[in-house]
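# Analysis of the macromolecular model
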Amino acid sequence: MNLRHVRVARTLRQILAELILRELKDPRVEAGGRITLTQVELSRDMGQARVYVEIAAGGAAGDAALAAL
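Residues numbered from 1 in each chain as written. Predicted model: local features only at pLDDT ≥ 70, side-chain atom pairs only at ≥ 80, totals over all residues. Heavy atoms only, no water.

## Quick notes on the side chain of aspartate 26
Here aspartate 26 lies in the loop between helix H1 (3-22) and helix H2 (27-31). At a separation of 2.9 Å, a polar atom in the side chain of aspartate 26 contacts the main-chain amide nitrogen of arginine 28. (Helix = DSSP H or I, 4+ residues; strand = E, 2+ residues; numbered from the N terminus. Polar contact = N/O pair within 3.5 Å; in protein donor to acceptor, adjacent residues only side chain to side chain.)

Here's what the structure looks like:
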């Protein structure tokens, strides 16, 4: 991964985290507790991204929060 990929992935992770925190008003996400975006992987052409999340709540609440995302 080159430096540009690293910068774009970091920026995308920050933007997504802020959107989830400020814009996403889904009760399933709020019930999931703390959500952390741990990593963003970009395709070679940066056309697709895979976002890895960690959800503090386990069980059904965690599954519901993941489905809401």
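Text resumes after the structure shown.
## A short note on H1
Between its first and last C-alpha, H1 extends 29 Å over 20 residues, near the 28 Å set by a 1.5 Å rise per residue. With a side-chain oxygen lying 3.1 Å from the backbone nitrogen of arginine 4, the N-terminal cap of H1 falls on asparagine 2. (Expected span 1.5 Å × (residues − 1).)

## Observations regarding the pairing of strand E2 (residues 49-55)
Bridge count between strand E1 (residues 35-42) and E2: 7 bridges; the pairing is antiparallel. Following the sheet pairing, valine 40 is matched in E2 by valine 51. (Pairing = 2+ DSSP bridges.)

## Description of the environment of alanine 31
By the secondary structure assignment, alanine 31 is in helix H2. Once the C-alpha coordinates of alanine 31 and alanine 57 are considered, the two residues, 26 residues apart in sequence, prove to be 7.9 Å apart.

## Comments concerning the confidence of the model for the protein chain
Across the protein chain, the average pLDDT comes to 91, with 99% of residues at 70 or higher. The secondary structure element of the protein chain with the lowest average pLDDT is H2, at 85, and the one with the highest is E2, at 95. (pLDDT = per-residue confidence, 0-100.)

## Topic: the pattern of salt bridges
Across all of its chains, the model carries 2 salt bridges by this definition. Between arginine 22 and glutamate 18 there is a salt bridge; the shortest N-O distance is 3.6 Å. Here arginine 22 pairs with glutamate 18, and both are found in helix H1, just 4 residues apart, close to one helical turn. With a shortest N-O distance of 2.9 Å, aspartate 26 and arginine 28 are connected by a salt bridge. You can call arginine 28 partly exposed: its relative accessible area is 40%. (Salt bridge = Lys/Arg side-chain N within 4 Å of Asp/Glu carboxyl O. Buried < 20%, exposed > 50% of the residue type's maximum accessible area, 1.4 Å probe, protein only.)

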